[in-house]
Amino acid sequence: MPNHANIYANQADMYEQLVSKQASLYETIQTIIPVEGLDIIDMGAGAGRLTRILAPQAKSIVALDESESMLRITADHLRKADLNNWRTQVADHRHLPVANHSADLIVSGWSICYLGNSDVDQWEANIHQVLSEIRRVLRPGGTVIIIENFGTGSETPQPPDFLTNYYRLLESEYGFSHTWIRTDYTFESVDEAEMLTRFFFGDEIANKVVSEQLKHLPECAGVWWLMV
């Protein structure tokens, strides 16, 4: 598999090109909680795929990520949209640089998983610390929504084995509700699909794209939410 930490630090533009091939998740979030007028935090905002769709309706939004390169892309898009209700900051999920009870909604897409990977030492302690920080930051009655990989290249859920314990913990230990959605990629050509999938997902997915001549790559995502 490609080195995602290196991609986020040094190839943010290519990553943004990949995720731009997915449909908006605004309606998915809106069905859980209406976002208009809320103070929102996007944990692991990356290139801003969630920040950018939520910012126009939010009272305020804070985009946090470990990668300054990714946050620069987020900021550029928000400036071009002529929005001024936002800020970005480099941060670790386990130590959020945000005041107590300052947010109505926290969203995190495809990000907490890097701390919840069962191959990572102390992954359960990581998740406990992340959830403790989320509870600290949310106002009473606030909501957290977590979106994670549930199977790239799959039309039905096939979550990665190294994340299933983390997903189970969200529901059994922390009381999250759960569903899944499709987050398919639609590319301009098979060549583009191969280039972008090999770049981020590696040879297995890219070879599938080539062998099946795919311009439309199915993907499933798990969605977990909790009101505190």
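All values reported here derive from a predicted model rather than from experimental measurement.

1. Re helix α8 (residues 164–172)
- Regarding α8, the residues found buried are Tyr166, Tyr167, Leu169 and Leu170. In a view along the axis of α8, the buried residues occupy a sector of 160°, so they form one face of it.
- Turning to α8, the residues buried within the fold contact α6 (113–116), α7 (123–137), β5 (138–152) and β9 (219–227).

2. A word on the sheet that holds strand β1 (residues 39–43)
- Taken in spatial order, the seven strands make up an open sheet running β3-β2-β1-β4-β5-β9-β6, and their pairing is mixed. Either end of the sheet is taken by a strand with one partner, and the two such strands are β3 (86–90) and β6 (177–182). The sheet shows a mean angle of 20° between the axes of neighbouring strands, taken without regard to direction.
- Relative to β5, strand β4 (residues 103–109) runs parallel, the two being bridged by six bridges. From the neighbouring strand, isoleucine 106 faces β5, where its bridge partner is valine 144.
- Here helix α5 (residues 68–80) sits on the sheet and contacts β2 (60–65) and β3; the angle it forms with β3, its principal contact strand, is near 170°.

3. A short note on the packing of aromatic side chains
- All chains considered together, the criterion is met by 12 aromatic pairs.
- Seen from their ring centres, tyrosine 166 and tyrosine 167 are 5.2 Å apart, and the 45° between their planes marks the pair as tilted. Both residues of the pair, tyrosine 166 and tyrosine 167, count as buried.
- Centre to centre, the rings of tyrosine 185 and phenylalanine 187 are 6.0 Å apart; their planes meet at 5°, and the pair counts as stacked.
- Since its relative accessible area comes to 4%, tyrosine 185 is described here as buried.
- In this structure phenylalanine 187 comes out as buried when scored by relative accessible area, which is 5%.
- Among the aromatic side chains, those forming a connected cluster through ring pairs are Tyr8, Tyr15, Tyr114, Tyr185, Phe187, Phe199, Phe200 and Phe201.

Scoring rules and cut-offs
- The numbering scheme is per chain: residues are counted from 1 as the chain's sequence reads.
- Where local features are concerned, this predicted model is filtered to residues with pLDDT of at least 70; where side-chain atom pairs are given and counted, the filter is 80 or more; whole-chain, interface and lining totals use all residues.
- With hydrogens and water set aside, each side-chain value is computed from the structure's full complement of heavy atoms.
- Buried, partly exposed and exposed residues are distinguished by accessible area as a fraction of the type maximum, computed with a 1.4 Å probe on protein chains only: under 20%, between the cut-offs, and over 50%, respectively.
- Runs of H or I in DSSP of at least four residues are treated as helices and runs of E of at least two as strands, each being numbered from the N terminus.
- The directions considered for the arc are those from the helix axis to the C-beta atoms.
- Residue contacts follow a heavy-atom distance rule, with two residues in contact if any of their heavy atoms lie within 4.5 Å.
- Note on pairing: DSSP must find at least two bridges between two strands before they are called paired.
- Interaxial angles span 0 to 180 degrees and are taken between N-to-C directions of axes, which are lines fitted to C-alpha atoms, for helices over the stretch in contact.
- Here a pair means two rings of Phe, Tyr or Trp (six-membered ring of Trp) with centres within 6.5 Å. Their orientation is stacked below 30 degrees between planes, edge-to-face above 60, and tilted elsewhere.

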